[in-house]
Amino acid sequence: MFSLVVQMEVRPDRREEFLAGMAANAEASVRDEPGCLRFDVCSVDADAHRFVLYELYADAAAFAAHKASPHFAAWRAIAEEVLVGQVNTPGRLLVTHTAEESA
């Protein structure tokens, strides 16, 4: 599986716009893309304007399909206005544990 960790810094006056746009992108990704298995948006406790995303796709082709989707294009238009910076770290899922597996 293809994984992606994204660190984002948002302009202080654009936080709510970021959250709305990112929530719409994450929701549409999981709902409309069969290859998008997970899309988490996390805040950073020490900084209200930093966020971390964790995305999981069936494979690199599924991630490429994500980047070609209309909702991703809409998000990128918002991102151009609200982000100060972004760092993407692609990888591969090697081991996973969930609460459901432990029960």
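An unreviewed UniProt entry annotates the chain as Quinol monooxygenase YgiN originating from Geodermatophilus obscurus.

Moving on to the overall build of the chain. A count of helical and extended segments in the chain gives 4 helices and 4 strands. Tracing the chain from N to C terminus, the helices and strands come up as β-α-β-β-α-α-β-α. Counting across all 103 residues of the chain, residues that qualify as buried make up 31%. Within the chain, counting contacts between residues at least 6 apart in sequence, those at least 24 apart form 68% of the total. In the structure as shown, the chain presents an accessible area of about 6200 Å², 56% of it carried by carbon and sulfur atoms. Averaging the locations of the 9 positively and 16 negatively charged side chains of the chain gives two centres separated by 5 Å.

Let's shift gears to the sheet that holds strand β4 (residues 83–92). In spatial order, the strands read β2-β3-β1-β4; together these 4 strands make up an open sheet with antiparallel pairing. The open sheet has two edge strands with one neighbour each: β2 (36–44) and β4. Sheet twist, expressed as the average angle between the axes of neighbouring strands with direction ignored, equals 15°. Where β2 meets strand β3 (residues 47–57), 8 bridges bridge the pair, whose relative direction is antiparallel. Bridge pairing links Val41 to Leu53 in β3. Sheet strands in contact with helix α1 (residues 15–32) are β1 (2–10), β2, β3 and β4, and its direction is about 160° off that of β2. Those strands touched by helix α2 (residues 60–67) are β1, β2 and β3, and its axis lies near 130° from that of β3.

The rules behind each value
- Residues numbered from 1 in each chain as written.
- Predicted model: local features only at pLDDT ≥ 70, side-chain atom pairs only at ≥ 80, totals over all residues.
- Heavy atoms only, no water.
- Helix = DSSP H or I, 4+ residues; strand = E, 2+ residues; numbered from the N terminus.
- Buried < 20%, exposed > 50% of the residue type's maximum accessible area, 1.4 Å probe, protein only.
- Contact = heavy atoms within 4.5 Å.
- Areas by Shrake-Rupley, 256 points an atom, 1.4 Å probe, with all protein chains shown as cover.
- Lys, Arg positive; Asp, Glu negative; His and termini not counted.
- Charge placed at Lys NZ, Arg CZ, Asp CG, Glu CD.
- Pairing = 2+ DSSP bridges.
- Axes fitted to C-alpha atoms, helices over the stretch in contact; angles between N-to-C directions.

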